[in-house]
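Inside the fold
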2 protein chains.
Amino acid sequence: MKESRVLGVLGGMGPLAGATFMQRLTLLTPAEKDQDHIPAILWSDPRVPDRTAARLAGGEDPLPALLRGIRGLEAAGCGAIAIPCNTAHGWFEAMQAATRLPILHIVEAAADELLRLGVAAGPIGLLATKGTLAMRLYQERLEDRGYDCLVPPEEEMDRAVMPAIDLVKANKVAAAYAPLAEAARRLIMRGAKAVVLGCTEIPLGIGAGPALPFPVADTIDALARACIAWAKPAA
Amino acid sequence: MKESRVLGVLGGMGPLAGATFMQRLTLLTPAEKDQDHIPAILWSDPRVPDRTAARLAGGEDPLPALLRGIRGLEAAGCGAIAIPCNTAHGWFEAMQAATRLPILHIVEAAADELLRLGVAAGPIGLLATKGTLAMRLYQERLEDRGYDCLVPPEEEMDRAVMPAIDLVKANKVAAAYAPLAEAARRLIMRGAKAVVLGCTEIPLGIGAGPALPFPVADTIDALARACIAWAKPAA
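Residues numbered from 1 in each chain as written. Chains lettered and ligands numbered in written order. Predicted model: local features only at pLDDT ≥ 70, side-chain atom pairs only at ≥ 80, totals over all residues. Heavy atoms only, no water.

**Some remarks on the overall build of chain A**
If you tally the helices and strands in chain A, you get 11 helices and eight strands. Here the C-alpha atoms of chain A give a radius of gyration of 17 Å, agreeing with the 18 Å that 2.2 N^0.38 yields for 235 residues. Sorting the 235 residues of chain A into buried and exposed places 61% on the buried side. The contacts in chain A between residues at least 6 apart in sequence include a share of 74% that link residues at least 24 apart. As presented, chain A carries roughly 8,400 Å² of accessible surface, and 56% of it is formed by carbon and sulfur atoms. (Helix = DSSP H or I, 4+ residues; strand = E, 2+ residues; numbered from the N terminus. Rg over C-alpha atoms; globule rule 2.2 N^0.38 Å. Buried < 20%, exposed > 50% of the residue type's maximum accessible area, 1.4 Å probe, protein only. Contact = heavy atoms within 4.5 Å. Areas by Shrake-Rupley, 256 points an atom, 1.4 Å probe, with all protein chains shown as cover.)

**Focus: unusual backbone geometry**
Residue and element names in this part refer to chain A. Omega for the peptide link from methionine 13 to glycine 14 comes to -10 degrees, which places this bond in the cis form. Its location among the elements puts glycine 14 in the loop between β1 (7–11) and α1 (15–28). Positive phi values are uncommon outside glycine, yet asparagine 171 reaches one of about 70 degrees. Residue asparagine 171 is classed as buried on the basis of its relative accessible area of 18%.

**Topic: the pairing of strand β2 (residues 40–44) of chain A**
Burial analysis of β2(A) places five of its five residues in the buried class, which makes it a mostly covered element. Side chains A:Ala40, A:Leu42 and A:Ser44 of β2(A) all project onto a buried face; the interleaved residues A:Ile41 and A:Trp43 project onto the opposite face, where all are buried too. Across five bridges, the pairing between β1(A) and β2(A) is parallel. In the sheet register, A:Leu10 faces β2(A), and the bridge partner there is A:Trp43. In this fold, the crossover linking β1(A) to β2(A) by way of α1(A) has right-handed handedness. Two strands pair when backbone bridges link them, and β2(A) and strand β2 (residues 40–44) of chain B are joined in this way by five bridges, in the antiparallel orientation. Residue pairing across strands places A:Ser44 opposite B:Ala40, the latter belonging to β2(B). (Pairing = 2+ DSSP bridges. Right-handed = clockwise from strand over helix to strand, strands pointing away.)

**What about the interface of chain A and chain B?**
Size of an interface, as often reported, equals the accessible area lost when the parts are brought together. The interface of chain A with chain B comprises 44 residues on the first partner and 44 residues on the second. Between chain A and chain B, roughly 3,400 Å² of surface is buried when both sides are summed, and carbon and sulfur atoms account for 52% of that area. There are six salt bridges connecting chain A and chain B. For the salt bridge of B:Lys169 with A:Asp34, the shortest nitrogen-to-oxygen distance reads 2.8 Å. Elements with a contribution of two residues or more to the side of chain A that touches chain B: α1, β2 and α8 (154–169) of chain A. (Buried area = accessible area lost by both parts, 1.4 Å probe. Salt bridge = Lys/Arg side-chain N within 4 Å of Asp/Glu carboxyl O.)

**As for the pattern of salt bridges**
Residues and elements named next belong to chain A. Summed over all chains, the structure comprises 46 salt bridges over all chains. Across the pair arginine 159 and glutamate 155 runs a salt bridge whose closest N-O atoms are separated by 2.5 Å. Placement of the pair is arginine 159 and glutamate 155 together in helix α8, with a separation of four residues, close to one helical turn. Ionic contacts of the salt-bridge type, sharing partners, join the residues Glu93, Glu108, Asp112, Arg141 and Arg145 into one network.

**Examining the packing of aromatic side chains**
Evaluated as defined, the whole model comprises zero aromatic pairs over all chains. B:Arg55 extends its terminal NZ or CZ atom over the ring of B:Trp91, reaching a point 4.5 Å from the ring centre. (Phe/Tyr/Trp six-rings, centres within 6.5 Å; stacked < 30°, edge-to-face > 60°. Lys NZ or Arg CZ within 6 Å of the ring centre and 35° of its normal.)

**Some details on the layout of surface pockets**
One number sums up the size of the largest pocket: a volume of about 280 Å³. Residue lining of the largest pocket: 15 residues in total, with A:Gln23, B:Thr20, B:Gln23, B:Val173 and B:Leu204 positioned closest to the centre. Secondary structure elements with two or more residues in the lining of the largest pocket: α1 of chain A together with α1 (15–28), α10 (202–206) and α11 (219–231) of chain B. Per element, the largest residue contribution to the lining of the largest pocket is five residues, and it comes from α1(B). Grouping the amino acids of the lining of the largest pocket by side-chain chemistry returns nine nonpolar, three polar and three charged. Its volume calculated, the second largest pocket comes out at about 240 Å³. (1 Å grid on protein atoms, 1.4 Å probe; cavity = no way out; pocket = protein on both sides within 12 Å on 5 of 7 lines; lining within 4 Å. Points joined across faces, edges and corners; volume = space filled by probe spheres on them. Nonpolar A, V, L, I, M, F, W, Y, C, P; charged D, E, K, R; others polar.)

**A closer look at the sheet that holds strand β5 (residues 122–127) of chain A**
Sheet strands pair by backbone hydrogen bonding; their relative direction is either parallel or antiparallel. Residue and element names in this part refer to chain A. Ordered in space as β6-β5-β7-β8, the four strands form an open sheet in which the pairing is parallel. The strands lining the two open edges of the sheet, one partner per strand, are β6 (147–150) and β8 (216–218). Neighbour-to-neighbour, the strand axes of the sheet open up by a mean angle of 30 degrees, direction not taken into account. Across three bridges, strand β7 (residues 195–197) lies against β8 in parallel orientation. (Axes fitted to C-alpha atoms, helices over the stretch in contact; angles between N-to-C directions.)

**Description of the nonpolar core**
By size, the foremost hydrophobic cluster in this structure holds 172 residues, and its most contacted members are A:Leu10, A:Phe21, B:Leu10 and B:Phe21. Sequence-distant contacts of A:Leu10, that is, excluding residues within four places in its chain, are made with A:Trp43, A:Leu66, A:Gly69, A:Ile70, A:Leu73, A:Ile81, A:Ala82, A:Ile83, A:Pro84 and A:Met95. (Core = buried A, V, L, I, M, F, W, Y, C linked by side-chain atoms within 4.5 Å.)

**What to know about the relation of the copies chain A and chain B**
In screw terms, the move from chain A to chain B is a rotation of 180 degrees and a rise of 0.0 Å along the axis, fitting with an RMSD of 0.0 Å. When the rotation and shift are considered jointly, the pair of chain copies conforms to a two-fold rotation axis. Taking C-alpha positions as the reference, the residue of chain A nearest the rotation axis is A:Leu42, at 2.5 Å. Looking at the interface residues of chain A, 100% of them are also at the interface in chain B, so both copies use one shared face. (Least-squares fit on C-alpha atoms with pLDDT ≥ 70 in both.)

**What to know about the side chain of B:Thr129**
Relative to the assigned elements, B:Thr129 resides in the loop between β5 (122–127) and α6 (130–134). Polar side-chain contacts of B:Thr129 include one of 3.0 Å to the backbone nitrogen of B:Thr132. (Polar contact = N/O pair within 3.5 Å; in protein donor to acceptor, adjacent residues only side chain to side chain.)

**Concerning the domain arrangement of chain A**
Residues and elements named next belong to chain A. Structurally, chain A comprises domain 1 (3–105 + 222–231) and domain 2 (107–219). Here the C-alpha centroids of domain 1 and domain 2 sit 20 Å apart. Listed by partner, the interface residues are 22 residues for domain 1 and 27 residues for domain 2. Note on domain 1 versus domain 2: buried area summed over both sides is about 1,800 Å², and carbon and sulfur give 59% of it. On the domain 1 side of the interface with domain 2, the three residues burying the most area are Asn86, His105 and Ala222, jointly 37% of the side's total. At the junction of domain 1 and domain 2, the tally comes to two salt bridges. Notably, a salt bridge pairs arginine 141 with glutamate 93, separated by 3.4 Å at the nearest N-O pair. Put simply, the parts of the chain that give the side of domain 1 that touches domain 2 at least two residues each are α1, α2 (51–56) and α11 (219–231). Of the residues assigned to the side of domain 1 that touches domain 2, the class counts are 10 nonpolar, eight polar and four charged. (Domains from an automatic or database assignment.)

What follows is the structure, given as structure tokens:
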């Protein structure tokens, strides 16, 4: 494949999020036939060690597995890399330092999505893994842009958000809706103008039930839009 | 990735079918966490020349693009290849001759799916591209197993089935439901005991509306089940 136009997707974290990313990338691309779509390679390696456990509980370092995927995408001729896993962006700088390919940052894509939703500044809610929250992947980048991040209390993270993420990874997607929708609602009640679904399992759970009556920035769609802008800059 | 367990998926034909295949592979795999899922690489090259046009209208030969994908999946360390595009199986023998990796045949998977649905022999309906029908990819293999294939008349293929497949490739999935559901119903009215959705765009269209009240063999799910059996023979 011609290098400049082929997207590399480092997925498998989780695999349902990576597959759904490919689906949304396809559905959001203006196309009339197969040949109008974006060539892409999805490196779906669900064996990458758990990112939150690595950061918070001394679990195995995921970086070697992440770099193995990046090498594979480079070898396949990709021209840029997208990673539909927010927590893996805790290793963004190490990954970017190890490749000449640009890696499209999911938090920047989420910030662009907030603008697209008409939410330009102020308090926003953040649903993400405990690893992503602890690494402040969103807080620092969004605060630079004029947002304040509200996050669920520790008790709700342990009782509702993390178990719901695990339900999606275990293919029990519908069961993840209620706890995630409730956590999002509480952030809105605390004053958030929108909620960022800052873990790619979360839009899968939220997508399994009725649409939420407030703006949500879906990081699967946000990253897909960034990839389309990269692949089809004229579109 | 360890070669023996990594699945290679030659997709992009169309890209929505390839992405949905990855999603169904994930959802059909027994798993409690990311690391239980099947490592896989999706080579999504939607630039592969149109398979039906190549066979019926002297269009560009897709084989070089198919072989490029197979080389890429080999280089990435895959241990077997699945191709979620029925029509591409018209080049199966040429592809299989060009690689030492086993290619899991989608028509064999569809036949296994018919058995799983409890349809062991007799008349079955076949919805597929004109290329797949002309190459008799299903007729010969299914007749060997005791089935008779009923196919839509030429007029209905041109008016309903092929345009519906093109709608899916153009991301107009919901609009594909009615013509495909009607074509399936007509096959049942002619005596078919089940309908094989023998083009991977067709289950996407059929999935966009109410479930059909007769057995359908979805070739996306059928191929996913064959891949899971390959990757997790003990499961």
